[in-house]
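Inside the fold
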Amino acid sequence: MSLASRLVAGLEALSIKLDAVTQARLLQYLALIEKWNRVHNLTAVRDVNHMLSHHLMDSLAVLPHLERATSLLDVGSGAGLPGIPLAIAEPRLAVTLLDSSQKRVSFLNQCKAELKLENVNAIHQRVEDYQPGQGFDVVISRAFADMSAFVALSRRHGKPGGRLLAMKGRYPDEEIAKLSDADRVTKVVELTIPELNAHRHLVEIAVS
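In this report, we go over the structure that sits alongside the text. The structure presented is a predicted model; accordingly, all values stated were derived computationally and were not measured.

1. Structural notes on the environment of Leu32
Assignment of secondary structure puts Leu32 in helix α2 (residues 20-40). With a relative accessible area of 6%, Leu32 lands in the buried category. For the pair Leu32 and Leu81, spaced 49 residues apart in sequence, the C-alpha separation works out to 13 Å. Once you skip the residues sitting within four places of it in the chain, Leu32 turns out to touch Phe107, Cys111, Glu114 and Leu115.

Put into structure tokens, the structure is as follows:
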């Protein structure tokens, strides 16, 4: 089955409706990762066939849980995950991609230019040094190994009433237990990723 056919099937499984132009841009994004990965080692996943499930579908599975958000900060965005797939799928969402590596930010800017992503802004900075001047509806990351560190460093970037979203593998019992009483976990959603036989959970933490 072709990548395009697998994408169609995956979107149907996730109950996400995207037009043909948007689907083509998602596949173009995967092609950019594959191309740059040969030289710059953006991701440990080398095969574009695996990127479809491990990166693209994994990121898009978050889309139904963004609800009415209009701004999103992707902390430690790396190759643009999950920020770029979300920005492609939802053009009304203003997405800021934050990463400490100039190499990766150069790639993110190349994606922005080639995919004509007017709703994307890529920033080369560490999260603890970032001063955006305004908060975000959603602050998300799939890069942090430790949820406590993500919350401690990212909490100030969320708007009051906003949300922090941590993308995790197995249900993170121990990490949740280590959070302070001030960091209120409002829900943990189990995500089913098409073609991916692995545990995935989305942890939501309220920003007061």
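2. Considerations on unusual backbone geometry
Residue Pro82 follows Leu81 across a cis peptide bond; omega there is 10°. Mapped onto the elements of the fold, Pro82 is located in the loop between β1 (71-75) and α4 (83-89). For Glu67, which is not glycine, the phi dihedral falls at a positive 55°. Structurally, Glu67 can be placed in the loop between α3 (48-60) and β1.

3. Focus on the packing of aromatic side chains
This structure, assessed with the given rule, holds two aromatic pairs. Each ring, one from Phe144 and one from Phe150, has its centre 5.6 Å from the other, and the planes form 50°; the classification is tilted. Accessibility expressed as a relative area gives 1% for Phe150, which makes it buried.

4. Some details on the pairing of strand β4 (residues 136-141)
Buried residues dominate β4, accounting for six of its six residues. Both β1 and β4 contribute to a ladder of three bridges, which runs parallel. By the bridge assignment, Asp74 is partnered in β4 with Ile140. Where β4 and strand β5 (residues 158-168) come together, five bridges link them in parallel fashion. Each bridged residue has a counterpart across the sheet, and for Val138 the counterpart in β5 is Arg163.

5. Regarding the pattern of salt bridges
Applying the stated criterion across every chain yields a total of twelve salt bridges. Among the ionic pairs, Arg163 bridges to Glu67, the shortest N-O distance being 3.9 Å. You can see Arg163 sitting in strand β5 and its partner Glu67 sitting in the loop between α3 and β1, a full 96 residues away along the chain. Residue Arg163 is classed as buried on the basis of its relative accessible area of 11%. Here Glu67 falls in the exposed class, since its relative accessible area comes to 51%.

Conventions adopted
In every chain, residue numbers begin from 1 and rise along the written sequence. In keeping with the model being predicted, local features are shown solely for residues with a pLDDT of at least 70 and side-chain atom pairs are shown and tallied solely at 80 or more, while totals for entire chains, interfaces and linings include all residues. Hydrogen atoms and water are omitted, and side-chain values are computed over all heavy atoms in the structure. Secondary structure elements are taken from DSSP: a helix is a run of H or I of four residues or more, a strand is a run of E of two residues or more, and numbering for both begins at the N terminus. Only protein chains enter the calculation, and the probe is 1.4 Å; a residue is then buried if its accessible area is under 20% of its type maximum, exposed if over 50%, and partly exposed in between. Contacts: residue pairs with any heavy atoms within 4.5 Å of one another. A pair of aromatic rings is counted whenever rings of Phe, Tyr or Trp (Trp by its six-membered ring) have centres within 6.5 Å, and the orientation is called stacked for planes under 30 degrees apart, edge-to-face for over 60 and tilted otherwise. The rule for pairing is simple: two strands pair if DSSP sees at least two bridges between them. Salt bridges are identified by distance alone: a Lys or Arg side-chain nitrogen within 4 Å of an Asp or Glu carboxyl oxygen.

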